[in-house]
Amino acid sequence: MIRSTIAVLQYLKLVNNVLKDAKPGGIVLMHDGGGDRSRTVKALPQIIASLKQRGYRFVTIPELLEIQVQKTPLVTTAQFHKVNKGT
């Protein structure tokens, strides 16, 4: 009973840590250090469902970088020189 209670607490801690630190554009790295990965595997469905419920969507790293580029206006060399010359 004590062992199962500890396992549940560890599972909940894992889920809560991911959810409390989630931010737009963030990356969740599940780095469990090898060995028994059952807690990580068990936590993923709840983490994914909770994040989706909050409006997050899941993309690949290249997709995330493309999203960031689209949201950040680029400054061209011509614009840079124009601003620095005061014209």
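So, here is what we can say about the structure in this document. (Residues numbered from 1 in each chain as written. Predicted model: local features only at pLDDT ≥ 70, side-chain atom pairs only at ≥ 80, totals over all residues. Heavy atoms only, no water.)

1. Details of the layout of surface pockets
Stated formally: A 1.4 Å probe that fits into a set of points on a 1 Å grid over the protein atoms alone but cannot get out defines a cavity; an open set with protein on both sides within 12 Å along at least five of seven lines defines a pocket, and lining residues are those with an atom within 4 Å of a point. Grid points are joined across faces, edges and corners, and a volume is the space filled by probe spheres set on the points. Every helix listed is a DSSP run of H or I at least four residues long, and every strand listed is a run of E at least two residues long, numbered separately from the N terminus. Residue polarity follows a fixed list, in which Ala, Val, Leu, Ile, Met, Phe, Trp, Tyr, Cys and Pro are nonpolar, Asp, Glu, Lys and Arg are charged, and the others, Gly among them, are polar.
The computed volume of the largest pocket comes to approximately 640 Å³. The wall of the largest pocket is formed by 24 residues, among which Gly25, Gly26, Ile27, Arg57 and Phe58 lie closest to the centre. Elements that contribute at least two residues to the lining of the largest pocket include exactly helix 1 (2-21), helix 2 (38-53) and helix 3 (61-71). A per-element tally of the lining of the largest pocket places helix 3 first, with five residues. For the lining of the largest pocket, the residue count by class is 16 nonpolar, four polar and four charged.

2. A look at the pattern of salt bridges
Worth spelling out the cut-off: For salt bridges, the criterion is a side-chain nitrogen of Lys or Arg within 4 Å of an Asp or Glu carboxyl oxygen. The buried label applies to any residue whose accessible area, calculated with a 1.4 Å probe on protein chains only, is under 20% of its type's maximum; exposed applies above 50%, and partly exposed to all values in between.
Going through the model one piece at a time under the given rule, you end up with one salt bridge. Residues Lys20 and Asp21 are paired through a salt bridge, measuring 3.5 Å at the closest nitrogen-oxygen approach. Since its relative accessible area comes to 48%, Asp21 is described here as partly exposed.

3. Quick look at the environment of Val41
Within the secondary structure, Val41 sits in helix 2. Classification of Val41 as exposed rests on a relative accessible area of 55%.

4. Thoughts on helix 1
To keep it simple, the criterion reads: Take the number of residues in a helix, subtract one, and multiply by 1.5 Å to get its expected span. This arc corresponds to the set of directions leading from the helix axis out to the C-beta atoms. The criterion used for residue contact is that any of the two residues' heavy atoms lie within 4.5 Å.
In this model, helix 1 (20 residues) spans 28 Å end to end at C-alpha, consistent with the 28 Å of a helix rising 1.5 Å per residue. Of all the positions in helix 1, only Tyr11, Leu14, Val15, Val18 and Leu19 are classed as buried. The buried side chains of helix 1 occupy one side of the element, clustering within an arc of 125° when seen end-on. Every exposed residue of helix 1 that faces more than 90 degrees away from the buried side is listed here: Ile2, Leu9, Lys13 and Lys20. Looking at the buried residues of helix 1, the elements they touch are helix 2.

5. Let's talk about the nonpolar core
Selection rule: As used here, the term nonpolar core means buried Ala, Val, Leu, Ile, Met, Phe, Trp, Tyr and Cys residues forming a set that is joined through side-chain atoms within 4.5 Å.
Membership of the largest hydrophobic core is limited to nine residues, which are Tyr11, Leu14, Val15, Val18, Leu19, Ala22, Ala43, Ile47 and Leu51. Within the residue set of this core, elements represented by two or more residues are helix 1 and helix 2. Here this core takes five residues from helix 1, the largest share from any one element. Filtering out sequence-adjacent residues up to four positions away, Ala22 remains in contact with Leu51 and Tyr56.

6. Observations concerning the packing of helix 1 against helix 2
Stated precisely, the cut-off is as follows: Between the N-to-C directions of two axes lies an angle of 0 to 180 degrees, each axis being a line fitted to C-alpha atoms and, for a helix, fitted only over the stretch in contact. Angular relationships are summarised with four words: roughly parallel below 35 degrees, roughly antiparallel beyond 145, roughly perpendicular across 65 to 115, and oblique for the angles in between. A clockwise turn of the near helix away from the far one marks a right-handed crossing, whereas an anticlockwise turn of less than a right angle marks a left-handed crossing.
It is the contact of helix 1 with helix 2, at a shortest axis distance of 9 Å, that shows an interaxial angle of 40°. Regarding the angle of helix 1 to helix 2, the classification is oblique. In the packing of helix 1 onto helix 2, the handedness of the crossing is right-handed. For the pair helix 1 and helix 2, the contacting residues are Gln10, Tyr11, Leu14, Val15, Val18 and Leu19 in the first and Arg39, Thr40, Lys42, Ala43, Gln46, Ile47, Ser50 and Leu51 in the second.

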